[in-house]
Protein chains: 2
Amino acid sequence: MAEKQISIRDVAALAGVSVGSASRVINGAANVTPDVRERVDRAIAALRYRPNHAAQSLRSRTSKTIGCMFSDVANPLYARAFRALEEHFRREGYMLLLANGLNDAEREIDIIQTFQLRGMDGVILAPGNERHPGVLDAVRRLSMPAVIYDRDLAVDADAVLFDHVAGVKAAIHHLVELGHTRIALALWQVKSRPVRRRIEGYKAAFKAAGLPVPDLILQEPTPTSSAFDDVTRLLQLPDPPTAFLAQGTHTLTSTLRAIAKQGLRVPEDVSVIGIGDTDFAQTYDPPLTVLRTPTDEVAAHAVEMLLSRLAAKGDASLSPRKALIQFDLILRESCAPVARH
Amino acid sequence: MAEKQISIRDVAALAGVSVGSASRVINGAANVTPDVRERVDRAIAALRYRPNHAAQSLRSRTSKTIGCMFSDVANPLYARAFRALEEHFRREGYMLLLANGLNDAEREIDIIQTFQLRGMDGVILAPGNERHPGVLDAVRRLSMPAVIYDRDLAVDADAVLFDHVAGVKAAIHHLVELGHTRIALALWQVKSRPVRRRIEGYKAAFKAAGLPVPDLILQEPTPTSSAFDDVTRLLQLPDPPTAFLAQGTHTLTSTLRAIAKQGLRVPEDVSVIGIGDTDFAQTYDPPLTVLRTPTDEVAAHAVEMLLSRLAAKGDASLSPRKALIQFDLILRESCAPVARH
DNA sequence: CTGAAAGCGCTAACAC
DNA sequence: GTGTTAGCGCTTTCAG
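Residues numbered from 1 in each chain as written. Chains lettered and ligands numbered in written order. Predicted model: local features only at pLDDT ≥ 70, side-chain atom pairs only at ≥ 80, totals over all residues. Heavy atoms only, no water.

If you check an unreviewed UniProt entry, chain A appears there as Transcriptional regulator, LacI family from Cupriavidus metallidurans.

Pasting the structure below:
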């Protein structure tokens, strides 16, 4: 267990070279004689030498670590995002520190500060509190590159943003084409970028279609409440919605339950489109039409943004870049022409 | 942005004390005069000083970081486990490095070695490959305390293990009490501890009840296949199962879909118990009876094990401890007495 | 291309 | 109780 740590000195000694040369070999520097390189490599293997990460960090001022803060990985959409990010960063030798902000401003501030403190090489942030002065301040104070993940944060940082407006418009358009006009939008309580933009897209879609915007936007009143009651109420209206656009996992599930409970069928009686693709949406009966975010593309963007800034050594001349990611409307079997009766 | 880094030297200088004293104040050492403490604190505040984490790690040989390797955070059960672990470790000032092993041995080995390399203070591991020599070797080589998360690994490490046998027995017992004997068990493909133990518990339960063990264990053949076809086949048998015990998220979902597709109702025609509690199980119609693991208790155990070893400074005299965690059978509405016809 | 030497910022002995 | 000092293990000038 406690075999004393082998240092680069031991390697250099065994290889009969200087510490400097050993370091060059380890870091794959160009100017090294094949002979030296081989002797060092042999010594490394013989001693089972592994460089000390803390020392490398201290000296080189890079930690090869990226900090990620999402609201909650228990949300499958964030879990997927994390997976994709991990995949890309792994290839470049980075590891990920993950922290859940839980939409709690104090906690978010604390996490951001800790990332700073621990010298992350970069961070990916999705704070729930987009206008909280403390959060903004913490982000602004960051000395490493940051990528904001689908949030409207008034800071000078790169961002990957989903084009919710276009996505929702496409979904509504699809439903309108099928003859629907009474289309409800079921959202989660929190009023962060995704929710705000979806509402915006919803209104824009109806205007674009020359239709009045229906009063059918649902927002769950508390974090623990579900859309179930609201959807039920809507369905009992004299002129009930014939289609639903429902976000996420929890809201979508509640919406579907409420529909089933009213004895209505999808898609014969009610059409449904989910926002965000999950196992659930794919395996539901019927499989659900959804707006899907290209997880891998998103991760690729975020990683590229971070790495290029890292390569630029913090050269502040690069102005902030925003990647606007489009949703794909994945047609499955949960939408049908409106039933006229 | 690039305000030059403030060091403990600057703090000491401003406070008019030595770096040693400054360090003591920062680390909350006992023997410091209130006067010195105050001056240092004031200097820290004035300079907005933040200690350099890499330097602290290098010198103190602790990183205040825990490595977590699960199969896949996209599995909501692991996501919850992570959340709970984060909660406990946060309080103690630790952050978590998360990596997904994806049941790939090479990847798992690489992750474990990286944890070692980066000097994690402790690790929590759930490798999918429990008997892979390389994985075992990597775990054995670890110089920091490890907690094995519900895996049967032949290593000298602490472990948190779920009592699947007792859990499944309780579930089967419940169904037997309701008159069921044709009870199927739907599992995922991978043959790691949870799956093996559940099969064991299944058989034990029938033996304990004095009943023959039915030939109704389903294992999905490939990672991408679903239990759907197998469940469908079973339901079309002349003597179909009247109850299902289905694990996880994916398997459970497929099982329910197959049941619905056959025009059968839960619980009137078929009773269902899930293994693992999720939003899905709670919001399904009807809400599902499940075997639930006390996530928070599990995390508390794991954290306690790790921290106590850390406190013992690697004193190897503590023999490995195993915590056996019991499932709770949460009764909801998916089980009913067997329908006799 | 290689070696020597100077620290990165901090903590932990050890004197005082 | 406080100051001094010696490194932790590594990378990175800077000579040669």
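All names here are of chain A. Applying the stated rule across the entire model yields 17 aromatic pairs over all chains. Between the aromatic rings of Phe70 and Tyr78, the centroid separation amounts to 5.1 Å while the plane-to-plane angle is 25°, which identifies the pairing as stacked. Exposure class is identical for Phe70 and Tyr78. Each is buried. Overall, the relative accessible area of 12% leaves Tyr78 in the buried class. (Phe/Tyr/Trp six-rings, centres within 6.5 Å; stacked < 30°, edge-to-face > 60°. Buried < 20%, exposed > 50% of the residue type's maximum accessible area, 1.4 Å probe, protein only.)

In the numbering used here, UniProt assigns the "domain: HTH lacI-type" (unreviewed entry) feature to residues 6-60 of chain A. Helix makes up 69% of residues 6-60 of chain A and strand 0%, with an end-to-end C-alpha separation of 20 Å. (UniProt positions renumbered as here; feature names shortened; annotations may be inferred. Helix = DSSP H or I, 4+ residues; strand = E, 2+ residues; numbered from the N terminus.)

So, about helix 10 (residues 228-235) of chain B. Regarding helix 10 of chain B, the residues found buried are Phe228(B), Val231(B), Thr232(B), Leu234(B) and Leu235(B). On an axial view of helix 10 of chain B, the arc spanned by its buried residues comes to 160°, and they lie on one face. (Arc of directions from axis to C-beta.)

Let's shift gears to the relation of the copies chain A and chain B. Rotating chain A by 180° and translating it 0.0 Å along the rotation axis places it on chain B, where the RMSD comes to 0.1 Å. The relationship between the two copies is best expressed as a two-fold rotation axis. Relative to the rotation axis, the closest C-alpha in chain A is found at Leu97(A), a distance of 2.2 Å. Looking at chain A, 100% of its interface residues are interface residues in chain B too, so the copies touch through the same face. (Least-squares fit on C-alpha atoms with pLDDT ≥ 70 in both. Contact = heavy atoms within 4.5 Å.)

The side chains of a regular strand alternate between the sheet's two faces. All names here are of chain B. Looking at chain direction, strand 9 (residues 271-275) and strand 10 (residues 289-292) are connected through 3 bridges and run parallel. Residue pairing across strands places Ile273 opposite Thr289, the latter belonging to strand 10. Here strand 10 runs beside strand 12 (residues 328-330); their pairing, made up of 3 bridges, is antiparallel. Bridge pairing links Leu291 to Leu329 in strand 12. (Pairing = 2+ DSSP bridges.)

As a general point, the strands of a sheet are linked pairwise by backbone hydrogen bonds and lie either parallel or antiparallel. Residues and elements named next belong to chain A. Taken together, the 6 strands give an open sheet; going across it, the order is 7-6-8-9-10-12, and neighbouring strands pair in mixed fashion. Strand pairing shows two members of the sheet lacking a second neighbour, strand 7 (217-219) and strand 12 (328-330), which therefore form its edges. With strand direction ignored, the average angle separating the axes of adjacent strands in the sheet is 20°. Both strand 8 (residues 243-247) and strand 9 (residues 271-275) contribute to a ladder of 5 bridges, which runs parallel. Opposite Phe244, over in strand 9, you have Val272 as the bridge partner. (Axes fitted to C-alpha atoms, helices over the stretch in contact; angles between N-to-C directions.)

Here we take up the environment of Val32(A). Residue and element names in this part refer to chain A. Among the structural elements, Val32 can be located in the loop between helix 2 (19-26) and helix 3 (34-47). Take Val32: its relative accessible area is 15%, and that puts it in the buried class. A C-alpha to C-alpha distance of 7.5 Å links Val32 and Ser21, two positions 11 residues apart in sequence.

Before going further, it helps to spend a moment on unusual backbone geometry. All names here are of chain B. Looking along the chain, the bond that leaves Val266 and enters Pro267 is cis, with omega of 5°. In this fold, Pro267 is placed in the loop between helix 11 (250-261) and strand 9. Omega for the bond connecting Asp285 with Pro286 falls within 30 degrees of zero, at 0°, which places this linkage in the cis form. Note that Pro286 resides in the loop between helix 12 (279-283) and strand 10. A positive phi angle is found at Arg48, which is not glycine, with a value near 55°. Tracing the chain through its elements places Arg48 in the loop between helix 3 (34-47) and helix 4 (53-60).

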